[in-house]
Amino acid sequence: MSEKQKMINGDMYRPDDPELVELHQHCMRNLEKFNHTSMTQTDERAQILKSLFGSTGHNIKIQSDFKCDYGFNIHVGENFYANFNCVLLDVAPIRFGDNCMLAPQVGIYTATHPLNPAERNNGLEFAKPVTIGDNCWIGGMAVINPGVTLGNNVVVASGAVVTKSFGDDVVIAGNPATIIKRIIPAIE
């Protein structure tokens, strides 16, 4: 099995593998182009993201400066928006439903490292996917940690550190994040 496949599967892998290094460098070149393209060039910016990401909806908008590891592990639904300085460490898949918004400086991390120092010092890494449902809003400077799944209609308060998964229709806040309010869905 390739190091890339191990990485995507969540198995221990070597990030210095030549294929992964080239994929990361390819992503960095595209991000440099994206982050230096004028905000008024909306079609060109969207096209760069659509070619970089694994899948996207039609309407996608991300403000600069944006950072990710590979791009191909990011999947966004329709009407995706990320404000300034967001970081998506997509060593494993990151999936967003439709109508998701990220405030400035949101960090979503799939990358993690072994707790055992001998394994960690040996350069091994692994990752856990992150999944975010439909109609989610993640507040400024919030952090979503590896392996987290958020249901539909979740609001993450600014500065929250999300270390575990939550179901639908909740507002979460704090470090570690906990439910502070339930959302009653509107009747359509």
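As a reminder, the structure under discussion sits directly above these lines.
Right, let's walk through the structure included here. (Residues numbered from 1 in each chain as written. Predicted model: local features only at pLDDT ≥ 70, side-chain atom pairs only at ≥ 80, totals over all residues. Heavy atoms only, no water.)

## Focus: the overall build of the protein chain
In step 1: Along the protein chain, the regular secondary structure elements total four helices and 18 strands.
In step 2: Relative to a compact globule of 188 residues, whose C-alpha radius of gyration would be 16 Å, the protein chain shows 17 Å and is just as compact.
In step 3: Along the three orthogonal principal directions, the C-alpha set of the protein chain runs to about 50 × 45 × 25 Å.
In step 4: Burial status across the protein chain gives 44% buried among its 188 residues.
In step 5: Summed over its atoms, the accessible surface of the protein chain is roughly 9,400 Å², and 53% of this surface lies on carbon and sulfur atoms.
In step 6: Separation of charge centres in the protein chain, based on 15 positive and 20 negative side chains, amounts to 4 Å. (Helix = DSSP H or I, 4+ residues; strand = E, 2+ residues; numbered from the N terminus. Rg over C-alpha atoms; globule rule 2.2 N^0.38 Å. Buried < 20%, exposed > 50% of the residue type's maximum accessible area, 1.4 Å probe, protein only. Areas by Shrake-Rupley, 256 points an atom, 1.4 Å probe, with all protein chains shown as cover. Lys, Arg positive; Asp, Glu negative; His and termini not counted. Charge placed at Lys NZ, Arg CZ, Asp CG, Glu CD.)

## A few points about the environment of Asp90
In step 1: Along the chain, Asp90 turns up in the loop between strand E5 (87–89) and strand E6 (94–96).
In step 2: Taking the relative accessible area as the measure of exposure, Asp90 reaches 0% and is therefore buried.
In step 3: C-alpha separation for the pair Asp90 and Ile48, spaced 42 residues apart in sequence, amounts to 17 Å.
In step 4: Sequence-distant contacts of Asp90, defined by excluding residues within four places in its chain, comprise Cys68, Asp69, Tyr70, Gly71, Phe72, Asn73, Ile74 and Thr110.
In step 5: In terms of polar contacts, Asp90 uses its side chain to reach the backbone amide nitrogen of Tyr70, at 2.8 Å. (Contact = heavy atoms within 4.5 Å. Polar contact = N/O pair within 3.5 Å; in protein donor to acceptor, adjacent residues only side chain to side chain.)

## Notes on the sheet that holds strand E14 (residues 149–150)
In step 1: Ordered in space as E3-E6-E11-E14, the four strands form an open sheet in which the pairing is parallel. Each having just a single partner strand, strand E3 (74–75) and E14 make up the two edges of the open sheet.
In step 2: By the bridge criterion, two bridges tie E3 to E6 in an arrangement that is parallel. Residue pairing in the sheet places His75 in a bridge with Arg95 of E6. (Pairing = 2+ DSSP bridges.)

## Let's talk about the pattern of salt bridges
In step 1: Per the stated rule, a full pass over the model turns up three salt bridges.
In step 2: The partner of Lys6 in a salt bridge is Glu3, and the shortest N-O contact between them spans 2.9 Å. One end of the pair, Lys6, and the other, Glu3, are both in helix H1 (residues 3–9), three residues apart, so they sit about a helical turn from each other.
In step 3: Assessed through its relative accessible area of 15%, Glu3 is described here as buried.
In step 4: The closest approach of N and O atoms between Asp65 and Lys67, which form a salt bridge, is 3.6 Å. (Salt bridge = Lys/Arg side-chain N within 4 Å of Asp/Glu carboxyl O.)

## Some remarks on the pairing of strand E18 (residues 177–182)
Both faces of the sheet carry side chains from a regular strand, because those side chains alternate between them.
In step 1: As paired elements, strand E17 (residues 170–174) and E18 share five bridges and run antiparallel to each other. Along E18, the bridge assignment pairs Ile172 with Ile179.
In step 2: Connecting the antiparallel pair E17 and E18 is a turn made up of two residues.

## Description of helix H2 (residues 18–35)
In step 1: For H2, with 18 residues, the first-to-last C-alpha span of 25 Å sits near the 26 Å given by 1.5 Å per residue.
In step 2: Considered for burial, the residues of H2 that qualify are Leu20, Cys27, Asn30, Leu31, Phe34 and Asn35. Along the long axis of H2, the arc covered by the buried residues comes to 130°, so they all point the same way. Exposed residues pointing more than 90 degrees away from the buried face of H2 are listed as Pro18 and Glu32.
In step 3: Close packing links the buried residues of H2 with H1, helix H3 (42–52), strand E1 (60–62) and strand E2 (67–68). (Expected span 1.5 Å × (residues − 1). Arc of directions from axis to C-beta.)

## So, the nonpolar core
In step 1: Phe66, Phe96, Leu102, Ile108, Leu150 and Val156 are the most contacted members of the largest nonpolar core, which totals 40 residues.
In step 2: Of all the secondary structure elements, the ones that give two or more residues to this core are H2, H3, E1, strand E4 (80–82), E6, strand E11 (130–132) and E17.
In step 3: With four residues, H3 is the single largest residue contributor to this core.
In step 4: In this structure, Leu102 is in contact with Phe80, Tyr81, Ala82, Asn83, Cys86, Leu88, Phe96, Ile108 and Ile138, ignoring residues within four places of it in sequence.
In step 5: Judged by nonpolar contacts, the second largest core, of seven residues, contains Met7, Tyr13, Leu20 and Ala92. (Core = buried A, V, L, I, M, F, W, Y, C linked by side-chain atoms within 4.5 Å.)

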